[in-house]
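# Close look at the chain arrangement
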Amino acid sequence: NKNINLYHGTNINALPGIVKFGGLLSEDEIHNNGSKVITGEEWSRKEGIRRGFVSFTDQLDRALTYANLSPSQEATLESFGIIIGISSSEIADLETFKVDSDIAELGVIGGVPTSKIKTIFAPKEKINFVSKLIGDSNIPVVSLDSLSQTVEKTTYNKKDIKSLAGTRKISGINS
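Notes on the structure in this doc start here. Computed from a predicted model, the values in this text were never measured in an experiment. (Residues numbered from 1 in each chain as written. Predicted model: local features only at pLDDT ≥ 70, side-chain atom pairs only at ≥ 80, totals over all residues. Heavy atoms only, no water.)

### Observations regarding helix α3 (residues 60-67)
- Within the span of α3, buried status applies to Leu 60, Ala 63, Tyr 66 and Ala 67. Along α3, the residues classed as buried sweep out an arc of 120° about the axis, all on the same side. (Buried < 20%, exposed > 50% of the residue type's maximum accessible area, 1.4 Å probe, protein only. Helix = DSSP H or I, 4+ residues; strand = E, 2+ residues; numbered from the N terminus. Arc of directions from axis to C-beta.)

### Quick look at the sheet that holds strand β4 (residues 81-86)
- An order of β1-β4-β8-β9 is seen for the four strands of this open sheet, with the pairing classed as mixed. Two strands lie at the open edges of the sheet, namely β1 (6-11) and β9 (141-143), each paired on one side alone. Each adjacent strand pair in this sheet contributes to an overall mean axis angle of 30°, direction not counted.
- Note that β1 and β4 share six bridges and pair antiparallel. Within β4, the residue paired with His 8 across the bridge is Ile 84.
- Along the sheet, α3 makes contact with β1 and β4, crossing β1 at roughly 15°.
- Contacting β8 (119-122) and β9, helix α4 (residues 127-134) runs over the sheet at an angle of about 165° to β9. (Pairing = 2+ DSSP bridges. Axes fitted to C-alpha atoms, helices over the stretch in contact; angles between N-to-C directions. Contact = heavy atoms within 4.5 Å.)

### Overview of the pairing of strand β6 (residues 106-109)
- In terms of strand pairing, strand β3 (residues 53-56) meets β6 through four bridges, oriented antiparallel. Bridging from a neighbouring strand, Phe 56 pairs with Leu 106 of β6.
- Two strands pair when backbone bridges link them, and strand β5 (residues 96-98) and β6 are joined in this way by three bridges, in the antiparallel orientation. In the sheet register, Phe 97 faces β6, and the bridge partner there is Gly 107.

### Structural notes on the nonpolar core
- In this structure, Leu 15, Phe 56, Ile 82, Ile 84, Ile 120 and Val 130 are the most contacted members of the largest nonpolar core, which totals 23 residues.
- Sorting the residues of this core by element identifies α1 (15-21), β3, β4, β8 and α4 as the ones contributing at least two each.
- Not counting residues within four places of it along the chain, the set of residues in contact with Phe 56 comprises Leu 6, Tyr 7, His 8, Leu 24, Ile 84, Ile 86, Ala 104, Glu 105, Leu 106, Val 108 and Val 112.
- Tyr 7, Leu 60, Ile 83 and Leu 147 belong to the second-largest nonpolar core, a separate cluster that totals eight residues. (Core = buried A, V, L, I, M, F, W, Y, C linked by side-chain atoms within 4.5 Å.)

Next comes the structure, spelled out in structure tokens:
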């Protein structure tokens, strides 16, 4: 109903910062606000370089992978994954770019204000907890279970993989 077609998987420990700073911020913006990323994504960053964007994907399984990462030791909340859902049409006024990645990713420069977040997906048993954390932000919190109905599995054969690999020139898969 909300035309959600982009997902950002993260850990519940990101939510207090999202509420406090009024949106989903890039690693660089989080640092500039005197905080640090504690959601377990350090491995995906180039050492010494803070990303100036927040990445989203239309691949739900990839968002779920990030949602399932364990948080850093500095995390204060219990650990469980959440997915932030947005609509690409709602962020047309934000600066975006195609992230150089082997998966489909869209980078949003700086971050995404809470007004652009259409839904937060959380484990069914954690919906009330997440709703209390976001307070009166008017962002619906729904069960992650509602997403599983929309996931389709695609089977690839050797010919499909060879054809796909031939289109990936930057990543080196072609060679």
